[in-house]
Each structure stands twice: as structure tokens, then as C-alpha cells.
Amino acid sequence: MILMTIIARVADGLPLAASIQEDEQSGRDLQQYQSQAKQLCRRLNAQSPDRCTLETGELNFHYLIAQGVCYLSLCEASFPKKMVFAYLEDLHNEFYDQYGRRVPSVTRPYSFIEFDTYIQKAKKTYIDSRARRNLGSINSELHDVQRIMVANIEEVLQRGEALSALDTKASNLTSTPRSTYAKVAAVAVFFITLIIYVRFWWL
């Protein structure tokens, strides 16, 4: 069962649309998962894998990143991955057709909340067991799901801070030699200019 779907802009994690199963319907308290989903959306960037599954015990997050937008869903661990990624591809195609050009310019969270209607309709299609059989052809068209990275949600959230610190250190290391080379080059140019000046001055 698909319990939650969030669509967010990758550049800044801004939520664009969402659909969350009511607690009474799912029989679960999804507050903790909502919080994790928002943190995850804020940590994603252009270097993040395009498709990923994050295990959280009995529930899994699955996300697809396409054209600067993240499509994230929370499902029961038993829900087939191929079906989840077919669902996310479907959402991407429809969302991009309707709102693709407006995504970079929006500033307000949940600017496309009306997309929830389509999310609900697609969710019913993919949850229905008869529809699952009919969607078998879609499964063969999907990218190889086995290549989808699988990780633990806590590791990803903790590693996000470590990776950003490592990235900062790496950029500092790469900028330090550049500044050293720049200083050496400036000194060399100065001395060459001085030698040429003195040589022509005395001739």
C-alpha cells in the first residue's frame, strides 16, 4: 500500500504537492515518517541517485528524481518495487506535463496542492490488484529496478551531514592549491617584469 507521496523541488527541498493517507485509514501514525520525508527532500541534491529505496523497517521510502523534481513515496515493505517506480514515473509524466515550466519559479510551499487529485487517482490504480495485473507491461518498460540503490533511512540522514562537511573540506582543499598557485604565478610575473625592466633600463 502507498501511504504517502511528496513531490519536492530538488534544488531547495521546497514541497510542491503531497498526498498523505489519513492515520485512521492506514492504522499508523505517519508523523515521524512525514518528518523523515521532509528531511530527506531537503538533503537531496543534483548528485543524489536518480532512483533509490530507503528502508525504515516495515515501511520503505522510494524516490525518483527527474528534471529537478523529486517524487517520493512511503510504502509497505511488501509492496513491489517495480509497481512503486511505475507509480512514480506516472506521477512524473503527469506533473511535468501540467507544471514543469512553473516549478523553478514558485516560492510558496505546496503551490501545486491540487495535484493531490491526480495522485489519489493514480494511487488507486496502482493499489488495485486487477490493475496490478494490467500494469505488467509497464513493469517491463521500467529501468532495471535491481540497479536502484537501497539504503537505510537513518544512514542517509546521518550521512547527509557528514557528506556536506566532507564536501566543504574537499572544496577548501581544492581552493587552497589554487590560491597558492596564484600567489606563485603573481610573484613570478613580478620578477620577470622586473628583470625585463632592469635589462632594458641598463641597455
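Look up a bit, the structure's there.
Residues numbered from 1 in each chain as written. Predicted model: local features only at pLDDT ≥ 70, side-chain atom pairs only at ≥ 80, totals over all residues. Heavy atoms only, no water.

Engineer: What should I look at first to understand the overall build of the protein chain in this one?
Structural biologist: A tally of helices and strands in the protein chain yields seven helices and six strands. The linear arrangement of helices and strands in the protein chain, starting from the amino end, is β-β-α-α-β-β-β-α-α-α-α-β-α. When the 203 residues of the protein chain are sorted by exposure, 40% land in the buried category. For the protein chain, contacts bridging at least 24 residues in sequence account for 64% of all contacts bridging at least 6. For the protein chain, the accessible surface area stands at approximately 12,400 Å², while carbon and sulfur atoms represent 55% of it. (Helix = DSSP H or I, 4+ residues; strand = E, 2+ residues; numbered from the N terminus. Buried < 20%, exposed > 50% of the residue type's maximum accessible area, 1.4 Å probe, protein only. Contact = heavy atoms within 4.5 Å. Areas by Shrake-Rupley, 256 points an atom, 1.4 Å probe, with all protein chains shown as cover.)

Engineer: So what exactly am I meant to see when it comes to the packing of helix H3 (residues 81–99) against helix H4 (residues 116–127) here?
Structural biologist: If you want to describe how two helices pack, look at the angle between their axes and the distance between the axes. Closest axis-to-axis distance for the H3/H4 pair is 10 Å, and the angle between their directions is 150 degrees. When the axes of H3 and H4 are compared, the pair comes out roughly antiparallel. Two packed elements cross with a definite hand, and for H3 against H4 that hand is right-handed. Contacts between H3 and H4 pair Met83, Ala86, Tyr87, Asp90, Leu91 and Glu94 from the former with Tyr118, Ile119, Ala122, Lys123 and Tyr126 from the latter. Taken together, the residues of the contact of H3 with H4 break down into eight nonpolar, no polar and three charged. (Axes fitted to C-alpha atoms, helices over the stretch in contact; angles between N-to-C directions. Parallel < 35°, antiparallel > 145°, perpendicular 65-115°, else oblique. Left-handed = near helix turned anticlockwise from the far one by under 90°. Nonpolar A, V, L, I, M, F, W, Y, C, P; charged D, E, K, R; others polar.)

Engineer: Help me understand the pairing of strand S4 (residues 59–66), please; the structure alone is not making it clear to me.
Structural biologist: Burial of S4 is extensive: eight of the eight residues sit out of reach of the surface. Alternating positions in S4 separate into two faces, Leu59, Phe61, Tyr63 and Ile65 on one and Asn60, His62, Leu64 and Ala66 on the other, with burial throughout. Pairing of strand S3 (residues 51–55) with S4, which is carried by five bridges, proceeds in the antiparallel orientation. Looking across to S4, one finds that Leu54 is bridged to Phe61. As paired strands, S4 and strand S5 (residues 69–76) are joined by eight bridges and run antiparallel to one another. Residue pairing in the sheet places Phe61 in a bridge with Leu74 of S5. The antiparallel hairpin formed by S4 and S5 contains two residues in its connecting segment, where Gln67 sits at a positive phi of about 50 degrees. (Pairing = 2+ DSSP bridges.)

Engineer: Looking at this structure, how should I read the environment of Ile65?
Structural biologist: The residue Ile65 is located in strand S4 in this model. Between the C-alpha atoms of Ile65 and Leu88, which are 23 residues apart in sequence, the distance is 9.4 Å. Those residues in contact with Ile65 that sit more than four places away from it in its chain are Val10, Leu44, Ser48, Pro49, Asp50 and Cys70.

Remember, this is a structural readout, not a statement about activity or role.
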